[in-house]
Amino acid sequence: MTPLEPGSELAMLRVTPDRAVTERYASASGDANPIHLDEAFAKSVGLPGRILHGLYTMALVARAQTDAAGGPEKLKRLDVTFRGVGLPEHEITITSTVTERHGERLIVTATAKQQDKAIIRNAVAELESG
Amino acid sequence: MPPAHYLVSREAVREYAIAVGESNPLYLDLDAARSAGHEDLVAPPMFAAVYAGPAFAAAMRDPELDIDLTMLVHGGQEFEWGPLVVAGDQITTAIRLAEVSERLGMRFYVWHSSSQNQRDEEVSRGSWTVIVRPRE
């Protein structure tokens, strides 16, 4: 693996969540809010349709970090702001750039985009590089 | 709010890993996890959302806050991680409301959580931000 240094891009992660992803995530997480599961209900509260769980999208950002850094124990912190709603059946791309190094600790800024819109912007991750 | 308890099962770790599209064998294959030196299947870091989720769900449903859950949007999330969580761990999560503010007719709530394993090690800390939109 190429060493990660400020300016390095982590491998891009591309995922197209299928139509059942919100059901699987609801079951796995216990978050069965109908905005994620019921198209008509989601529309009735002003959403474009069933939306992805924000924590699902955050898990994709986390995966991009742990895959690039070499395992789950390398991810020490992740801070995200949800900017828009994610939708099933549209590709999500996660891009991540190392911005700083403090000893063995790398600071990474990441973005999750879908249909050219950031659904997570300026996510900050801290990775153990040792 | 009393702390919430969560016992991590292999089934829950696998189901979660599959739901978020993970393929790392540490999360899915017991032999792989053990040969890598872990006691049991490893939970992906974001599994923190699962073991701390019940504490957060209870906090949001605090009758005193009277939050309309159908108008709620997850605004932001932060986790800091300590030692890895593996299947078999017993996690205890304490949560408290840290901040309430109002902007543009929307109400912002921030909770802080701390989760410990059965050895009293802090496995993660969370900051959970939700936005409650006004009903039109």
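See above for the structure.
All of the points below concern the structure found in this document. Per chain, the residues get numbers from 1 upward, laid out in the order the sequence is written. The order in which chains are written sets their letters, starting at A; the order in which ligands are written sets their numbers, starting at 1. For a predicted model such as this one, the threshold for reporting local features is a pLDDT of at least 70, and the threshold for listing and counting side-chain atom pairs is 80 or more; totals across whole chains, interfaces and linings nevertheless cover every residue. Excluding hydrogens and water, the side-chain figures rest on all heavy atoms present in the structure.

Examining the overall build of chain A
Convention followed: Secondary structure elements follow DSSP: runs of H or I no shorter than four residues count as helices, runs of E no shorter than two count as strands, and numbering proceeds from the N terminus. For the radius of gyration, the atoms used are the C-alpha atoms, and the globule rule reads 2.2 Å times the number of residues raised to 0.38. Exposure categories follow from relative accessible area, calculated using a 1.4 Å probe and restricted to protein chains: below 20% of the type maximum is buried, above 50% is exposed, and the middle band is partly exposed.
Per the secondary structure count, chain A includes 3 helices and 5 strands. Tracing chain A from N to C terminus, the helices and strands come up as β-α-α-α-β-β-β-β. Over its C-alpha trace chain A gives a radius of gyration of 16 Å, about what one expects of a compact globule, namely 14 Å for 130 residues. Taken over the C-alpha atoms alone, chain A extends approximately 50 × 30 × 20 Å along its principal axes. The buried share of chain A, taken over its 130 residues, is 53%.

Digging into the nonpolar core
Heads up, the rule is: In this description, a nonpolar core means a group of buried Ala, Val, Leu, Ile, Met, Phe, Trp, Tyr and Cys residues linked to one another through side-chain atoms lying within 4.5 Å.
The biggest cluster of nonpolar side chains holds 78 residues, and the ones touching the most others in it are Tyr-16, Met-46, Phe-47, Tyr-51 and Trp-111 of chain B. A per-element tally of this core places helix α3 (residues 54-69) of chain A first, with 10 residues.

A look at the interface of chain B and chain A
To be explicit about the condition: Any two residues whose heavy atoms approach within 4.5 Å are treated as being in contact. Take the accessible area each of two parts loses on contact, using a 1.4 Å probe, and add the two losses: that sum is the buried area. Salt bridge, as used here: a side-chain nitrogen of Lys or Arg that lies within 4 Å of a carboxyl oxygen of Asp or Glu.
Of the residues lining the interface, 30 residues belong to chain B; the matching set on chain A comes to 29 residues. A combined buried area of about 2500 Å² lies between chain B and chain A, and 60% of that area is made up of carbon and sulfur atoms. The largest per-residue losses of area from chain B upon contact with chain A belong to Ala-19, Met-46 and Trp-81 of chain B, which jointly make up 20% of the total buried on that side. Run the count over chain B and chain A and you get 1 salt bridge. Across the pair Arg-77 of chain A and Glu-78 of chain B runs a salt bridge, and its minimum N-O distance is 2.7 Å. Among the secondary structure elements, those contributing two or more residues to the side of chain B that touches chain A are α1 (10-19), α2 (25-28), α4 (48-51) and β2 (72-81) of chain B.

Here's the deal with the packing of aromatic side chains
All names here are of chain B. Using the following cut-off: Two aromatic rings, drawn from Phe, Tyr or Trp (for Trp, its six-membered ring), form a pair once their centres lie within 6.5 Å of each other, and the interplanar angle then sorts them: stacked below 30 degrees, edge-to-face above 60, tilted otherwise.
Applying the stated criterion to the full structure yields 10 aromatic pairs over all chains. Relative to Trp-128, the ring of Phe-56 lies with its centre 4.4 Å away and its plane at 20 degrees, an arrangement referred to as stacked. Here Phe-56, found in helix α5 (residues 53-60), pairs with Trp-128, found in strand β5 (residues 122-132); they are 72 residues apart in sequence, far enough to count as distant. Across this residue pair, the class does not change: Phe-56 and Trp-128 are buried. Taken together, a centroid distance of 5.7 Å and an interplanar angle of 15 degrees make the contact between Tyr-109 and Trp-111 stacked.

A word on helix α1 (residues 21-29) of chain A
Among the residues of α1 of chain A, Val-21, Thr-22, Tyr-25, Ala-26, Ala-28 and Ser-29 of chain A are the ones counted as buried. Considering only its buried residues, α1 of chain A is in contact with α3 of chain A together with α1 and α4 of chain B. In the stretch just after α1 of chain A, Gly-30 of chain A is the one whose phi turns positive, near 85 degrees.

A few points about the sheet that holds strand β3 (residues 90-103) of chain B
Heads up, the rule is: A pair of strands is considered paired only if DSSP assigns at least 2 bridges between the two. Helix axes use the C-alpha atoms of the stretch in contact, all axes being lines fitted to C-alpha atoms, and the angles between their N-to-C directions lie in the range 0 to 180 degrees.
As summarised here, the arrangement of the 10 strands in space is β1(A)-β3(A)-β4(A)-β5(A)-β2(A)-β2(B)-β5(B)-β4(B)-β3(B)-β1(B), forming an open sheet in which the pairing is antiparallel. Two strands bound the open sheet, and with one partner strand each, they are β1 (9-15) of chain A together with β1 (4-7) of chain B. Between one strand and the next, the sheet's axes are offset by a mean angle of 20 degrees, whatever the strand orientation. Pairing of β3 of chain B with strand β4 (residues 106-116) of chain B involves 11 bridges; the strand directions are antiparallel. Residue pairing in the sheet places Ala-94 of chain B in a bridge with Ser-114 of chain B of β4 of chain B. Contacts between α3 of chain A and the sheet are confined to β1, β2 (75-82), β3 (92-102), β4 (105-114) and β5 (117-128) of chain A together with β2 and β5 of chain B, with β2 of chain A contributing the most and set at about 145 degrees to the helix.

Considerations on the packing of α1 of chain A against α1 of chain B
Convention followed: Here the angle decides the label: under 35 degrees means roughly parallel, over 145 means roughly antiparallel, 65 to 115 means roughly perpendicular, and every other value means oblique. Take the far helix as your reference; a near helix turned counterclockwise from it by less than a right angle gives a left-handed crossing, and one turned clockwise gives a right-handed crossing. Ten residue types, Ala, Val, Leu, Ile, Met, Phe, Trp, Tyr, Cys and Pro, are classed as nonpolar, four, Asp, Glu, Lys and Arg, as charged, and the remainder, Gly among them, as polar.
For the pair α1 of chain A and α1 of chain B, interaxial distance at closest approach is 9 Å and the crossing angle is 155 degrees. Taken together, the axes of α1 of chain A and α1 of chain B lie roughly antiparallel to each other. As for how α1 of chain A packs across α1 of chain B, the hand of that crossing is left-handed. Judged by residue contacts, Val-21, Arg-24, Tyr-25, Ser-27 and Ala-28 of chain A of α1 of chain A engage Glu-15, Tyr-16 and Ala-19 of chain B from α1 of chain B. The residue inventory of the contact of α1 of chain A with α1 of chain B, partitioned by class, reads 5 nonpolar, 1 polar and 2 charged.

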